[in-house]
Amino acid sequence: MASTSTQKASSVTISHTYDVFLSFRGEDTRKNFTDHLYKNLDAYGICTFRDDEELEKGRDIAFDLSRAIEESKIFIVIFSKNYANSRWCLNELLKIIESMEKEGKIVLPIFYHVNPSDVRKQLGSYGDAFSNHEKDADEEKKARIQKWRTALSKASNLSGWHIDEQYETNVLKEITDDIIRRLNHDQPLNVGKNIVGMSFHLEKLKSLMKKKFNEVCVVGICGIGGIGKTTVAMAIYNELSNQYDGSSFLRKVKERSERDTLQLQHELLQDILRGKSLKLSNIDEGVKMIKRSLSSKRVLVVFDDVDNLKQLEYLAEEQGWFGAKSTIIITTRDKNLLAQYGVNIEYEVTTLNEEEAIELFSLWAFRQNLPNKVDQDLFYEVVRYAKGLPLALKVLGSNFFDKKTKEEWKSALEKLKKSSDERIYSVLRTSYDGLDSVDKDIFLDIACFFKGKDKDFVSRILGPYAKNGIRTLEDKCLITISANMLDMHDMVQQMGWNIVHQECPKDPGGRSRLWGSDAEFVLTKNTGTQAIEGLFVEISTLEHIEFTPKAFEKMHRLRLLKVYQLAIYDSVIEPWMDNSPNEMEYLGLPLPRKFEFPFFELRYLHWDGYSLCYLPKNFDAKNLVELSLRGSTIRQLWYGKKLLVKLKVINLSYSVNLIKIPDFSSVPNLEILTLEGCRRLKSLPSSFDKFKCLQSLSCGGCSKLTSFPEINGNMGKLREFNFSGTSINEVPLSIKHLNGLEELLLEDCKKLVAFSENIGSLSSLKSLKLKGSLEYLNLSRSSIVSLPESICSLTSLKTINVDECSALHKLPEDLGELSRLEILSFSYIRCDLPCLSGLCSLKELTLQGCNLKQGVIKRDSRLSSLKTLILIDCNLKDGVVLDICHLLSLKELHLSSCNIRGIPNDIFCLSSLEILNLDGNHFSSIPAGISRLYHLTSLNLRHCNKLQQVPELPSSLRLLDVHGPSDGTSSSPSLLPPLHSLVNCLNSAIQDSENRIRRNWNGAYFSDSWYSGNGICIVIPGSSGIPKWIKNKRKGSEIEIGLPQNWHLNNDFLGFALYCVYAPVPSNLEAMIRTGFLNISEKRSIFGSLFGFYLEVNCGMASHGDEFQSKDILSFSSDCECCQDFDFDGGLSWVICYPKVAIREKYGTHFKALFQGCYFGKLKSFEVIECGVHLIYA
């Protein structure tokens, strides 16, 4: 026989690869089924090879057939009645099966009016054929016949089609569709090399797409430029395309639709129909063809890079253009476009995490997936600069590929900070260029001034179009909003900076927005122009500069002006005011008395430490929305009367000279008034109730404010009312008129004595508040004498705090009606406590320093939600402790210094307990039942001086602290748990190590001690508790040990036991205390508020290999009272059980540990006396 393809062979060399090879018996099917199948495949552009009698005579047919089989992808074998009669067909089948087994090629059998079992077992006509073959067969031919039989059996066991009584046209369509799917999957799109993090996106998308859609499913993939939207779409396309009747990936739709929509239509149809002679004369014809040809097909189509619905008008205007259960994927930077089109699934591509970013950058910079030997600080600075943006990591990686020295890296990095790479810049700028002029201005304002700020604040400042503009920027993926805060990728922000810089590259005064050194330059050189709309300057960094009217005189278009302190100003000024109000030092720059600047367009004025007594005489800011003069010397805001109808926010906090605020009629739309720390302010204006729009009033720390303002019925919008730290003595009945009140703060009102039944009137708030009523009540450290019964009518209360109310002598008898109460704190109060049995939602209960009697917490109470119970400094009786042991939902139990002399065996009932604090009690033993607390991670037994031994512990334990006063002698009891208990804990730590690493967290804690690191941490007094089985010891703070060969394969090897013994080194400060030059109380007053009292011990570990150094830091910190009293004469011992899984196996041959410690900042340090390491085996 001879052979041809869809184009007849005319030479020995076959010049193209075939999609499909047809193997068939010519006399059975050549002119019927095989011909129909061939025509069907050919119509879809599938290059198909079939035997043909029309080949030229004299050709080497065997050679041509063998070559065709080698160059074919899929084989269709048509088993008909007489197929086995042909030795040619059987030899052809042998070659096909060999190709399948050696190269993994696809073989699809079709049983054409024959039984598959007859083919498999050579029965019927196949049996007759083999009987003829075996006549007079020699040994060589018999061997060949056996190979034929085996090939037939293998082929007939494959999945295919059995044609008997069916309509052949239906079967032909099914076969053709199957071949198209297989070919689509066999020719994946090239997603490029060095792809990192793709498996995460694929799994996430496939999970979202699991839902079955009866109609067309539309998937939107969105994100900023360079984030990898197209790459993700290509990857999911490759993964799914073989599941559809046809598929098409249309690239760069935005760019191509502008010039050649007809070509896009042609490409879409050609990809799916695979027709050779498809011709379209115009776009309308293309639309008709798409509707007619694709509406009955289940297809997968990707429209890549779409930014306007019009671009889909002639390709996929309606989802009904495609068959049921089709999938349409659109990639875009505009989330609003997806909403308009009606996507079923929206997926936003996120930036790479740090590990993925390091890998991708390394692949492009070093051609390997790990950092090369470069300066680590510079390496990580470049990676952090890209902030996980794949495009940036690739471009930067290729830029740094030829940089070998530290100096070259430094130089390239500095250049990047000044001007981003054009390849990155151009991609990111595309989204900006698509904005209208209003939205461009909003974007530049956010990029230059408001990144990281509250969305509502920014919307208020930027004007009536800002809310819609911010939504547009979010839809375009130029910004993100989380917890109502605006954010944007650092490189998008740098693009905004570059746009502003290009407005006037050589003269900052000609730009629209100024900040940093450019703002300082313009103010110093007086080069400001009317181009300037925003000016933000940080005065804490300025030296030798004066603000003069001349510097501002040309800035007639100034909208935004912020003169501000370092961020630390906010955390420093309040405690400074609390401690030394008469010595307040203003951090603002001095201004000339006749200082003036343009107010005409000003919407936002923020000036920290404003140093004049009044605003300038020319102040007439009719467009002003927010005025903030924190820490100013202002006495009164302005001269005379002003009408500022747009002003919504005034912040005069810590303006200690303020004695008067303006008549509220001049600011009728004021919403927020902040007067915190204005210590000379004695009263609010009598016209206070004219503030009809006021939503928040804060007078916290206005210590001379003696009266709570009378309230009429005009202030229904007031939500927040802060009078903490004032000198008011009562809350008037008129508070009931605040029917919108959500938060009332009266902390540290030391003269407050009257808070009578009027509080019950606030119960009406529940219909006006977000969740129905007042939720938070804090009266801590006030002089209130009783809490009225009517408080129980506030049924939506979630938090009550009356801590340290020393005058309080009466509480409601039963709080059971407060069914939503979640947090209750009655610390250090003297009166009897009510029954708490009905608080079914209570999660946290603090009764520290209280006289807790039996019956307050009942064994059968309904405290079923209680997670945290704090009873520190309570003199507990045995019955109370026993009742506590039946609070089954508890996760944290703090019983420090409660005079407990015995722990009940019932403690094992606390099956959910995770943290148990028994510090400073008097028991001598711990019941064995504690090992049944299977969730316990932290156990505090420090200063339990009568404790003789620590029993077996639950395997979940990660932190055990049993330190306390010790003389360090060998007669001290051993408080280290048994070795088998430590092994159990270490086994557990190994099991959960991977989960903790995945959550980027590991460690355990108490309220005042915490351990950060893998494994188990134990702190014991002195050195006597160090077990003898730890053999590798040495003096000093550093120790190293070699790891066993193939240690990572040894399942019995669990990890390491590390320990160090340390004692404090006397400092000059301690010497002063011990010799009497400075007593303890003086020491605490000097250093307590600045540094706190804490102890910290660190263990730095490294495992060494040939390529890399893997490091880990373990840390134990405590602010125990020992730190305050320097009571460490006997020293302490720190024992760590560290799991081997924390070390990556390819990097470990040696293990080294280095210990160090300190407390009081750098005022005191520890000396490590001895350390050791031991390998732990199961």
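Worth saying up front: this structure is predicted, and the values here are computed from it rather than measured.

1. Remarks on the pattern of salt bridges
- Under the counting rule described, the total for this entry stands at 33 salt bridges.
- Across the pair Glu 103 and Lys 105 runs a salt bridge, and its minimum N-O distance is 3.6 Å.
- Overall, the relative accessible area of 51% leaves Glu 103 in the exposed class.
- By relative accessible area, Lys 105 is classed as buried at 14%.
- Of the charged contacts in the structure, one is a salt bridge between Lys 451 and Asp 490, with a shortest N-O distance of 2.4 Å. With Lys 451 in the loop between helix H21 (437–450) and helix H22 (455–462) and Asp 490 in helix H24 (residues 490–503), the pair connects residues that are 39 residues apart, well separated along the chain.
- Among the residues examined, Asp 490 registers a relative accessible area of 26% and is labelled partly exposed.
- Overlapping salt bridges, with partners in common, bring together Asp 441, Asp 445, Arg 513, Glu 533, Arg 557 and Arg 559 in one network.

2. What to know about the confidence of the model for the protein chain
- Across the protein chain, pLDDT averages 80, with 83% of residues at or above 70.
- Mean pLDDT across the elements of the protein chain ranges from a minimum in helix H31 (residues 1080–1091), with 33, to a maximum in H21, with 96.
- Within the model, pLDDT remains below 50 along residues 53–60, and this stretch shows ten contacts once partners closer than five positions in the same chain are excluded.
- Confidence drops under a pLDDT of 50 for residues 966–972, and excluding neighbours within four residues, the segment shows twelve contacts in the predicted structure.

3. As for empty space enclosed by the protein
- Going through the model one piece at a time under the given rule, you end up with five cavities of 30 Å³ or more.
- Empty space within the largest cavity amounts to approximately 80 Å³.
- Looking at the largest cavity, the residues that line it are Val 881, Ile 884, Cys 885, Leu 893, Leu 895, Ile 900, Ile 903, Pro 904, Ile 907, Leu 910, Leu 916 and Leu 918.
- In terms of residue class, the lining of the largest cavity is built from twelve nonpolar, no polar and no charged.

4. Some details on the state of the cysteines
- If you walk through the whole model with that rule in mind, you get zero disulfides.
- Lacking any disulfide linkage, Cys 898 is separated from the closest cysteine sulfur, that of Cys 874, by 5.2 Å.

5. Focus: the packing of helix H20 (residues 422–433) against H24
- At a closest axis distance of 10 Å, the pairing of H20 and H24 adopts a crossing angle of 80°. Viewed along their axes, H20 and H24 adopt a mutual orientation that is roughly perpendicular. Across the interface between the two elements, Ile 424, Tyr 425, Leu 428, Arg 429 and Tyr 432 from H20 touch Met 491, Val 492, Met 495, Asn 498 and Ile 499 from H24.
- Residue classes in the contact of H20 with H24 are distributed as eight nonpolar, one polar and one charged.

6. Quick look at the packing of aromatic side chains
- For the structure shown, the criterion picks out 33 aromatic pairs.
- Relative to Phe 450, the ring of Phe 449 has its centre 6.3 Å away and its plane inclined at 75°; by these criteria the two rings are edge-to-face. The pair Phe 449 / Phe 450 is uniform in exposure class, with both members buried.
- Chaining the aromatic ring pairs together yields one cluster made of Phe 547, Phe 552, Phe 595, Phe 597, Phe 599, Trp 607, Tyr 610 and Phe 619.
- The ring of Tyr 38 carries Arg 50 above its face, with NZ or CZ at 4.0 Å from the centroid.
- Between the NZ or CZ atom of Arg 932 and the centre of the ring of Phe 908, over which it lies, the distance is 4.0 Å.

7. Describing the sheet that holds strand E9 (residues 299–303)
- Strands sit in the order E8-E9-E10-E7-E11 across an open sheet of five strands; the sheet is parallel. Of all the strands in the sheet, the pair left with one neighbour each is strand E8 (246–250) and strand E11 (345–348). The mean angle between the axes of side-by-side strands here comes to 10°, regardless of whether they run parallel or antiparallel.
- Sheet topology note: the strand E7 (residues 217–222)/E11 ladder contains four bridges and is parallel. Opposite Ile 221, over in E11, you have Tyr 347 as the bridge partner.

8. Notes on the side chain of His 201
- Mapped onto the elements, His 201 comes out in helix H9 (residues 198–208).
- The class for His 201 is buried, based on a relative accessible area of 6%.
- Side-chain polar atoms of His 201 contact the side chain of Tyr 347, separated by 2.6 Å.
- Sequence-distant contacts of His 201, that is, excluding residues within four places in its chain, are made with Val 232, Tyr 347, Val 349 and Thr 350.

9. Remarks on the environment of Ala 151
- Residue placement: Ala 151 occurs in helix H7 (residues 139–156).
- Owing to a relative accessible area of 3%, Ala 151 belongs among the buried residues under this scheme.
- Sequence separation between Ala 151 and Ile 97 is 54 residues, and the spatial gap between their C-alpha atoms is 6.5 Å.
- For Ala 151, the residues in contact, after removing those within four places along its chain, are Leu 93, Leu 94 and Ile 97.

10. Details of helix H4 (residues 87–103)
- Relative to the 24 Å expected for 17 residues at 1.5 Å per residue, H4 spans 24 Å between its end C-alpha atoms, a close match to the ideal helical length.
- Immediately beyond the C-terminal end of H4, within one or two residues, lies Gly 104, with a positive phi of roughly 70°.

11. As for the pairing of E7
- Taking burial as the measure, the six residues of E7 include six buried ones, the bulk of the element.
- Every second residue of E7 is oriented toward a common face, with Cys 217, Val 219 and Ile 221 on one face and Val 218, Gly 220 and Cys 222 on the other, all of them buried.
- With six bridges connecting them, E7 and strand E10 (residues 327–332) associate as parallel partners. In the sheet register, Cys 222 faces E10, and the bridge partner there is Thr 332.

12. Concerning the pairing of strand E17 (residues 604–607)
- Residue alternation in E17 divides its side chains into two sets, Tyr 604 and His 606 and Leu 605 and Trp 607, and both sets are buried.
- In this structure, strand E16 (residues 560–564) lies alongside E17, joined through four bridges in parallel fashion. Bridged to Leu 561 within E17 is Leu 605.
- Taken together, the three bridges between E17 and strand E18 (residues 626–628) define a ladder with parallel strand orientation. Of the residues in E18, the one forming a bridge with Tyr 604 is Glu 626.

13. Comments concerning a positive patch on the surface
- On the surface, a cluster of positive charge is contributed by Arg 635, Arg 680, Lys 682 and Lys 704.
- Its place among the elements puts Lys 704 in the loop between strand E21 (696–698) and strand E22 (720–722).
- In this structure Lys 704 comes out as partly exposed when scored by relative accessible area, which is 44%.

14. Remarks on unusual backbone geometry
- At Asp 136, a position not held by glycine, the phi torsion is positive, near 55°.
- Tracing the chain through its elements places Asp 136 in the loop between helix H6 (125–134) and H7.
- One non-glycine residue, Lys 387, adopts positive backbone phi at about 50°.
- Take Lys 387: it is sitting in the loop between helix H17 (376–386) and helix H18 (390–399).

What counts, and where the lines are drawn
Within every chain, residues take consecutive numbers counted from 1 along the sequence as written. Only residues with pLDDT of 70 or above have their local features reported here, since the model is predicted, and side-chain atom pairs are shown and tallied only from 80 upward, although totals for entire chains, interfaces and linings are computed over all residues. Think of the side-chain values as coming from all heavy atoms in the structure, minus any hydrogens and water. One side-chain nitrogen of Lys or Arg within 4 Å of one carboxyl oxygen of Asp or Glu is enough to make a salt bridge. Note on classification: 1.4 Å probe, protein chains only; a residue is buried when its accessible area is under 20% of the maximum for its type, exposed when over 50%, partly exposed between these limits. Where helices and strands are cited, they refer to DSSP runs of H or I of at least four residues and of E of at least two residues respectively, numbered from the N terminus. Scored between 0 and 100, pLDDT is the confidence that the predictor attaches to each residue. The criterion used for residue contact is that any of the two residues' heavy atoms lie within 4.5 Å. The pocket and cavity definitions rest on a 1 Å grid over protein atoms only: a 1.4 Å probe that fits but cannot leave marks a cavity, an open set with protein on both sides within 12 Å along at least five of seven lines marks a pocket, and residues lining either have an atom within 4 Å of a point. Grid points are joined across faces, edges and corners, and a volume is the space filled by probe spheres set on the points. In the scheme used here, Gly and all other residues not listed as nonpolar or charged are polar, with Ala, Val, Leu, Ile, Met, Phe, Trp, Tyr, Cys and Pro taken as nonpolar and Asp, Glu, Lys and Arg as charged. In this description, the term disulfide denotes a pair of cysteine sulfurs within 2.5 Å. Axis lines are fitted to C-alpha atoms, over the contacting stretch for helices. Their N-to-C directions set the angle, which ranges from 0 to 180 degrees. Here roughly perpendicular refers to angles of 65 to 115 degrees, roughly parallel to angles under 35, roughly antiparallel to angles over 145, and oblique to all remaining angles. Side-chain rings of Phe, Tyr and Trp (the six-membered ring for Trp) are treated as a pair once their centres are within 6.5 Å; stacked means planes under 30 degrees apart, edge-to-face means over 60, and tilted covers the remaining angles. Counted as over-ring charges are cases with an Arg CZ or a Lys NZ within 6 Å of the ring centre that also lie within 35 degrees of the ring normal. At least two DSSP bridges between two strands are required for those strands to pair. N or O atoms closer than or at 3.5 Å make up a polar contact, with two conditions inside protein: a donor-capable atom paired with an acceptor-capable one, and, for residues adjacent in sequence, both atoms drawn from side chains. An expected span of 1.5 Å times one less than the residue number is assigned to each helix. For patches, a residue must show more than 30% relative accessible area and have no salt bridge; joins then use 9 Å for like charges and 5 Å for nonpolar side chains, namely Val, Leu, Ile, Met, Phe, Trp and Tyr. Each accessible area value is a Shrake-Rupley result obtained with a 1.4 Å probe; residue values ignore everything except the protein chains displayed when judging cover. When charges are tallied, Lys and Arg are placed among the positive residues and Asp and Glu among the negative ones, while His and the ends of the chain are skipped. Where a charge sits is defined by one atom per residue type, namely NZ (Lys), CZ (Arg), CG (Asp) or CD (Glu).

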